[in-house]
Amino acid sequence: MSQFRVLAGVLKGGGSPFLRWRAGGLTWRCWAHPKRGCSSRTDPLPAVVSNSSYVEEMYLAWLDDHKNVHESWDSFFRNIQASGPSGEADERRPSALLQGRVLSHSLDVAEKVVEDHLAVHTLIRAYQVGHTHLIFVSCGFVLGLYGLDESDLDRSFQLPHTTFIGGQETTLPLREIIRRLEASYCSHIGVEFMFINNVNQCQWIRQKFETPGIMQFTSAEKRTLLARLIRSTRFEDFLARKWSSEKRFGLEGCEVLIPALKTIIDKSSAAGIDSVIMGMPHRGRLNVLANVIRKDLDQIFCQFDPKLEAADEGSGDVKYHLGMYHERINRETDKNITLSLVANPSHLEAVDPVVQGKTKAEQFYRGDTQGKKVMSILMHGDAAFAGQGVVYETFHLSELPSYTTNGTIHVVVNNQIGFTTDPRVARSSPYPTDVARVVNAPIFHVNADDPEAVMYVCRVAAEWRATFNKDVVIDLVCYRRFGHNEMDEPMFTQPLMYKQIHRQEHVLKKYSEKLIAEGVVTLQEFEEEVAKYDKICEEAYTSSKDEKILHIRHWLDSPWPDFFTAQGEPKSMSCLPTGLDEEVLQHIGQIASSVPLEGFNIHPGVSRILRGRADLVKSRQMDWALGEYIAFGSLLKDGIHVRLSGQDVERGTFSHRHHVLHDQEVDKRICVPMNHLWENQASYTVCNSSLSEYGVVGFELGFAMANPNALILWEAQFGDFHNTAQCIIDQFISSGQAKWVRNNGIVLLLPHGMEGMGPEHSSARPERFLQMTKDDPDHIPVYFDVQQLYECNWIVVNCSTPANYCHVLRRQILLPFRKPLIIFTPKSLLRHPDARSGFDDLAKGTKFKRLIPDEGPASQSPGQVKRVIFCAGKVYYELAKERKQQNLDRDVAIIRLEQISPFPFDLVSEEVEKYGNAELIWCQEEHKNMGYYDYVRPRFLTVVANKKPIWYVGRDPAAAPATGNKSTHLNELRKFMDTLAQRLAAMFST
């Protein structure tokens, strides 16, 4: 034991461990404590006992009288004597055998001391590593597992630099070490952080949770916490009393969420944050709206009135899906803060990437590159956090340069159940939060029935985000007092769990009694605070009865006050022409075909592409890539930010774009010519995304929510792959305005076309987008063009020329409102020699063509035309080629629908009247049960008042969108072309 204490001092860091001086030729070495100097009360060291003269002197003195030497030497010689043969103790001088035994025994002791210290260090690390270990630590730790026993509990050990449990002390008895570790890691807070591969971050967390007495709250802070807990609890109680049979997805069992969120916001506001964007599922949403966002209570209560009429367009949504945007003063910091809760469907985690995209956009437009002004908070349920793949996709974006929001605080409301499903069958991981480990995010588990522990964890989480700009997870381990909703009976499936929950005392009662016992508040003060909030709720309830009309706009989560009128309407109902000056076209063309940086070495293949562009510009023509370049560049000139995101978009899946040039000699040196167009242009962002559709489409949708004066585009690698983002498309893009009165101008670029590339590289599934359009097939609108666009839910186009593609992109910004734009983009047409446009097609005064009529010989003698073929996209060029080979240019008109939805009834009607004697044919390359046919057929019949049929020519119905066999593909194409030829031939035979 004494030798152990000596080495404990030796192992202590800092300073030289020995002091030396001469005394009668004897070299004396003693342990010098770096703070206390040399101590005469030290024990023998191997270096000391190896000096035979000194050992002999000490031994002889000890033989005369054991009190002549220090007690440590007494113990040392007693141990040596006890281990030696009988009779040897009578010798007056140490023998060689004794000296050898001294040396051997000393080395053994030193080795044991080292082992014991390592064991203690391992023990400390075991507590820090955490939860799996702490299950049995907190029930009585087995010291023998580390080579220690109860006799070691009162031994003092040198503390390693990787712990802060000592405070100002550098050594502690093992008993105290364990006590402090259990206080830090085995009470109501559990910390997972040792997987983080950054020493400074680990040390920061240790300091926050291990320093003795660090979790302290002032009386004022405790009173604030109690007041917030009162509001959270009494709000749910009020709703339960007034609307006992209504679903509201209350927060009972995790009422501490409200003070937790407010603590995060307070701490973040103090650090400089002035905008917080939040996303959450439905549980507790009304409480968050009321007590965090500060939505007027009467506006919430009136939502329970079944007689309330909707004033705005659209279908609306249930109250526990709605969002809110509010600016107010943070009372704790006296600073302005903007809070936005993003509307979310019942697809619980779908809002995660949307919130991140909106946060990133606000940071981008404010120049907040470090996330010091704008931040996001995401709330989750335990089952969804572990089970939904979009959670991982969102985490995976968190540190990508073009997607990072510089740290998100995740708050998991861990009810320990998912609807009726137990965790043991809901996830394979120990904790619902384990997904966060992939990005080295620390995870703080905390008992939600300990409000002060929760507040401390929230405070640390906010500080972590402000310090390291990284994600952090708070796991509120709580329970759900009722079922999945208030009408559900949880005892059906979790009887024992809910028997225990019914016996569980409410957290407000426990915490109020604690503060009353501490003298922080009196019972009267507590009751007055409760009565005060109850009165606020009653007055709001009375006021809510006066509400007769529901204004969905009051729940808007992303308002654009300068873009619309005060009433939220467009400032006009017209759209300027989308054509451009020749000077602008030439300038953009020159930049697009050059490298603006000197000494930049590009790939020979790229050089060839740029020379090809230069030749096009000289001849005043454009291909698809140049048309896109002109659209983007002209918008940048007008101060419109353009962001293009998706897999491989920098080069383009089909190697046609090359918006990012790479130096072939210098690693990571790139050039984005689009950012060198104009002196005061807006910035252009083009970024390859992770291999994700769901997460990235949601992110770009959120980015587009922040600013109407920006063109935000997502391009699929192939259009087929958009279906892994179907949730975002269905729940947000298609129906977002109808449900939440939220305009959004996101553009989806979906490469589409039957080109023999197989069933997963052919179809962007246009039938799905057209099925979700809201225009009536049986009704011809009174107004077209802009008004028709305003009344639709999204715009679906398939452009067949680069000029029209350029026009539709520019129109997207020049419209006085915002609608999602779905563009089926080409693959083979990117380099098709006929798929080119002249600069005249983009001249000043020109605009997007919803329909491109036949401009050949057939249009000159419309009365003689016997067949009119309507089509969309790439198939036009195949039809034109077939018509030419059949010498039918004067007999067959081919008309292209460029804007499929909303359907151009007016222009189609003009063409049908123009070719009054002709038979109408719809031709598509997609299978009959796919593509556009089911959408256009009833609308064509409406145009002709059901007096003429619209014949179908194309592939037969099929289960898969395309064949995987090249030969079969060519046979299918030949077959439907032959079918078309037969129909045309039948025309002449009659």
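These figures come from a predicted structure and were not determined experimentally.

### Re the overall build of the chain
Point 1. From N to C terminus, the chain includes 33 helices and 31 strands.
Point 2. Counting every position in the chain, which comprises 990 residues, the buried fraction comes to 57%.
Point 3. In the chain, once contacts between residues fewer than 6 apart in sequence are set aside, the share between residues at least 24 apart is 79%.
Point 4. Per element, the accessible surface of the chain, about 41000 Å² overall, is 50% carbon and sulfur.

### Notes on the nonpolar core
Point 1. Ranked by internal contacts, the top residues of the largest apolar core, which has 180 residues, are L257, F301, V411, I474, L476, F870 and W922.
Point 2. At 10 residues, the largest contribution of residues to this core is made by helix α16 (residues 451-468).
Point 3. Setting aside anything within four residues of it in sequence, one finds I474 in contact with I264, I409, H410, V411, V412, F444, V446, V457, C458 and A461.
Point 4. Counting residues in hydrophobic clusters, the runner-up holds 59 residues, among them Y629, L677, V686 and V747.

### With respect to the pairing of strand β10 (residues 335-341)
Point 1. Burial within β10 is extensive, with 5 of its 7 residues counted as buried.
Point 2. With 4 bridges joining them, strand β7 (residues 275-279) and β10 adopt parallel strand pairing. Along β10, the bridge assignment pairs V276 with L339.
Point 3. Direction of pairing for strand β9 (residues 324-330) relative to β10: antiparallel, over a ladder of 7 bridges. By the bridge assignment, Y325 is partnered in β10 with S340.
Point 4. Between β9 and β10, which pair antiparallel one after the other, the connecting turn spans 4 residues, and D334 there sits at a positive phi close to 60°.

### Some words on the sheet that holds strand β26 (residues 851-852)
Point 1. Read from one edge to the other, the open sheet built from 5 strands follows the order β26-β28-β27-β30-β31, with strand pairing classed as mixed. Only two strands of the sheet have a single partner each, and these edge strands are β26 and β31 (950-955).
Point 2. Note: strand β30 (residues 919-927) against β31, 5 bridges, orientation parallel. Looking at β31, one finds that H927 is bridged to R955.
Point 3. The sheet contacts of helix α30 (residues 875-885) involve β27 (867-871), β28 (892-897) and β30, and relative to β28 the element is tilted by about 170°.

### Side note on the sheet that holds strand β14 (residues 472-477)
Point 1. Pairing in this open sheet of 8 strands is mixed, and the strands run β6-β13-β14-β12-β11-β7-β10-β9 from one edge to the other. The sheet is open, and its two edges are formed by β6 (189-192) and β9, each paired on a single side. Sheet twist, expressed as the mean angle between neighbouring strand axes with direction ignored, is 20°.
Point 2. Across 5 bridges, β7 lies against strand β11 (residues 374-381) in parallel orientation. The residue of β11 that forms the bridge with M278 is I377.

### Some points on the pattern of salt bridges
Point 1. Under the defined criterion, the tally for this structure stands at 49 salt bridges.
Point 2. When the shortest N-O distance is used, the salt bridge between E463 and K267 registers 3.2 Å. With a gap of 196 residues between them, E463 in helix α16 and K267 in helix α10 (residues 257-270) connect regions that are remote in the sequence.
Point 3. Overall, the relative accessible area of 17% leaves E463 in the buried class.
Point 4. Where D906 meets R850, a salt bridge forms, and the shortest distance between an N and an O atom there is 2.8 Å. With D906 in helix α31 (residues 905-914) and R850 in the loop between β25 (837-838) and β26, the pair connects residues that are 56 residues apart, well separated along the chain.
Point 5. Given the relative accessible area of 10%, R850 is considered buried.
Point 6. One continuous salt-bridge network, built from bridges that share partners, spans E169, E176, R179 and R180.

### Description of the environment of S543
Point 1. Within the fold, S543 resides in helix α19 (residues 523-544).
Point 2. With relative accessibility at 29%, the residue S543 sits in the partly exposed group.
Point 3. Separated by 246 residues in the primary sequence, S543 and L297 have C-alpha atoms spaced 9.1 Å apart.

Scoring rules and cut-offs
Residues numbered from 1 in each chain as written. Predicted model: local features only at pLDDT ≥ 70, side-chain atom pairs only at ≥ 80, totals over all residues. Heavy atoms only, no water. Helix = DSSP H or I, 4+ residues; strand = E, 2+ residues; numbered from the N terminus. Buried < 20%, exposed > 50% of the residue type's maximum accessible area, 1.4 Å probe, protein only. Contact = heavy atoms within 4.5 Å. Areas by Shrake-Rupley, 256 points an atom, 1.4 Å probe, with all protein chains shown as cover. Core = buried A, V, L, I, M, F, W, Y, C linked by side-chain atoms within 4.5 Å. Pairing = 2+ DSSP bridges. Axes fitted to C-alpha atoms, helices over the stretch in contact; angles between N-to-C directions. Salt bridge = Lys/Arg side-chain N within 4 Å of Asp/Glu carboxyl O.

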